[in-house]
Amino acid sequence: MNISMIFYILGWVLCTEAGAMLFPCIISVIYSETTGIYYLITLAVCLVTGLAIIFRKPKNTRFYAKEGFAIVALSWIVMSLIGAVPLCISGDIPSFMSALFETVSGFTTTGATNLTDIDALSRTSLFWRSETHWIGGMGVLVLILTLLPIAGGQNIQLMRAESPGPTVDKFKPRLRHTAMILYIIYFIMTVIEIMFLLFGGLSMFDAVTIAFSTAGTGGFTASNAGINAFHSSYIEIVLTVFMILFSVNFSFYYMMLARRFKDALKNSEVWTYLGIILTSGIIISLNIYKMFPSVKDTLRNAFFAVSSIISTTGFCTADFDKWPQLSRLILVLLMFFGACAGSTGGGIKISRIMVMVKSAVSEVRHTIHPKSVNAIKFSGKRVPTETVRNIKSFFIIEMIILAASALVVSLDNFDSTSTVTAVITCMQNVGPGLNAVGPTGNFASFSVLSKIVLIFDMLAGRLEIMPLLVLFSPSAWKKN
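Residues numbered from 1 in each chain as written. Predicted model: local features only at pLDDT ≥ 70, side-chain atom pairs only at ≥ 80, totals over all residues. Heavy atoms only, no water.

**Re helix α14 (residues 268-288)**
With 21 residues, α14 ought to run about 30 Å at 1.5 Å a step, and its terminal C-alpha atoms sit 30 Å apart, in line with that. Every buried residue of α14 is listed here: Ser-268, Glu-269, Val-270, Tyr-273, Ile-276, Ile-277, Ser-280, Gly-281, Ile-284, Ser-285 and Ile-288. For α14, the secondary structure elements touched by its buried residues are α11 (233-246), α12 (250-257), α15 (295-310), α16 (325-337), α17 (350-368) and β1 (377-378). With a side-chain oxygen lying 3.1 Å from the backbone nitrogen of Glu-269, the N-terminal cap of α14 falls on Asn-267. (Helix = DSSP H or I, 4+ residues; strand = E, 2+ residues; numbered from the N terminus. Expected span 1.5 Å × (residues − 1). Buried < 20%, exposed > 50% of the residue type's maximum accessible area, 1.4 Å probe, protein only. Contact = heavy atoms within 4.5 Å. Polar contact = N/O pair within 3.5 Å; in protein donor to acceptor, adjacent residues only side chain to side chain.)

Laid out in structure tokens, this is it:
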């Protein structure tokens, strides 16, 4: 392990988080709140520590996959611990464990909350909660590598470890330039959404915080009423569209900007994803049409729920926990499916689901015709055997973690639906589950042990497991 390089990049992470905390300080001044002083203190300590670490650049700047995974895992843990400090010392969330749960939920874009009165928070802290979604959506290390040139092409180790899904290797050439383009797309899309929300009558504060939550596919809102506080079908339609847009593979937008239209249109993951949304929305609409006064209301609520869950944003306008069993089951399945790889969304990812289905079909064909050769193709390209193996391993490890987490959380004696969906929604970075953790519930009643497990699940889900496994693997820290 190149320990000095790990600390060096962690120093840049501290400086970046200090810069991010400047914005809630500005909000505190605008709204004449004293809460900003706690963010300013945390910012100062964070910045001084970060500058002290990066003052001397390591002589050996090379690092490999295991260092990349360790850096990513440590970065997200450090960011979360520091991000929880001003929430706690300001008194907005007096319990540090509750503040940490909220911060991890923010950075991982899960959107699960353990707060019972969101309205009681200062606007400064409400802004910080939503900002953590925006930072975590694209990934802080992806931002850092656009600013920090690392010799020898080592950036790919960070981007591969932090970015969701198995498609990052497409961006290996000119990676720093590509990461910058991705962040520019992310920023522009966020600004466009803010403009649409302002046009719908939202205040600048609400428009920015909701756009941050949508862009990161997180789900935090600035009031107990959530999206229903706006009483606007226009806002719901805007959010539905942007939840889908932000959960589409960003390589699709990159290829469109690069005028590689044929390559973009061949992206089978995007079309499959949109097909799943359309099919699920229609089925749920037919299943719940008696619960709403008009076809328009039925379609709006059905597609909002589908888009919110499959994109793993977690916004809620209707209590889908009261919907028929078929609709509830479809939404749980969509929690597992998740968004596209290379997006800001969570879940297993549509690309992995597609490869696993094709792999299963290939195995059946091989059983029937043992001498046949059935290559698995994705978007017109052959999927390497190593990628298929990695996807299967990822799925198996995730199921093991889900089962183990559910067993521990079950010690709190919630009903089985609440227990299982609480773990699923945290692991897949969705937010709401069913029953006690449904659209009208929260995670406040869970024990400290359960919150620790769910925090691990949120981090494992966002970082797609491997960085945390490498971090806690003793063999990874042994000298070669």
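There is more to say, and it comes next.
**Brief notes about the packing of α11 against α15**
Two numbers describe how α11 lies on α15: the axes approach to 9 Å, and their chain directions differ by 35°. Note on packing geometry: the crossing formed by α11 with α15 is left-handed. For the pair α11 and α15, the contacting residues are Ser-233, Glu-236, Ile-237, Leu-239, Thr-240, Met-243 and Ile-244 in the first and Arg-300, Phe-303, Phe-304, Ser-307 and Ser-308 in the second. Grouping the amino acids of the contact of α11 with α15 by side-chain chemistry returns six nonpolar, four polar and two charged. (Axes fitted to C-alpha atoms, helices over the stretch in contact; angles between N-to-C directions. Left-handed = near helix turned anticlockwise from the far one by under 90°. Nonpolar A, V, L, I, M, F, W, Y, C, P; charged D, E, K, R; others polar.)

**Remarks on unusual backbone geometry**
Across the chain, the bulk of peptide bonds are trans and the bulk of non-glycine residues have phi less than zero. The backbone phi angle of Thr-312 is positive, close to 65°, even though this residue is not glycine. Checked against the element boundaries, Thr-312 lands in the loop between α15 and α16. We classify Thr-312 as buried; its relative accessible area is 0%. Here Ile-465, not a glycine, exhibits a phi torsion of approximately 75°, which is positive. Note on placement: Ile-465 falls in the loop between α20 (448-463) and α21 (466-471).

**A look at the nonpolar core**
Counting residues in each nonpolar core, the largest one holds 147 residues, and the members touching the most others are Leu-197, Phe-250, Tyr-273, Trp-323, Leu-331 and Phe-443. The element that contributes the greatest number of residues to this core is helix α4 (residues 65-89), accounting for eleven residues. Contact partners of Trp-323, with chain neighbours within four places excluded, come to Ile-284, Ile-288, Met-291, Phe-292, Asn-301, Ala-302, Ala-305, Ala-318, Arg-328 and Leu-331. (Core = buried A, V, L, I, M, F, W, Y, C linked by side-chain atoms within 4.5 Å.)

**Brief notes about the pattern of salt bridges**
Within this structure, the stated rule accounts for seven salt bridges. The salt bridge partner of Arg-260 is Asp-263, with a shortest N-O separation of 3.3 Å. Using a relative accessible area of 36% as the deciding quantity, one classes Asp-263 as partly exposed. Salt bridges sharing common partners tie together Glu-236, Asp-297 and Arg-300. (Salt bridge = Lys/Arg side-chain N within 4 Å of Asp/Glu carboxyl O.)

**Describing the packing of aromatic side chains**
All told, the structure shown has 21 aromatic pairs when counted by the stated rule. Ring plane angle 40° and centroid distance 5.6 Å describe the contact between Phe-101 and Phe-443, whose orientation is recorded as tilted. Residue Phe-101 is located in helix α5 (residues 96-107), and its partner Phe-443 is located in the loop between α19 (416-427) and α20; the two are separated by 342 residues in the primary sequence. Its end group placed over the ring of Phe-205, Arg-123 keeps NZ or CZ at 4.7 Å from the ring centre. The cationic tip of Arg-129 hangs over the ring face of Phe-220; the distance from NZ or CZ to the ring centre is 3.9 Å. (Phe/Tyr/Trp six-rings, centres within 6.5 Å; stacked < 30°, edge-to-face > 60°. Lys NZ or Arg CZ within 6 Å of the ring centre and 35° of its normal.)

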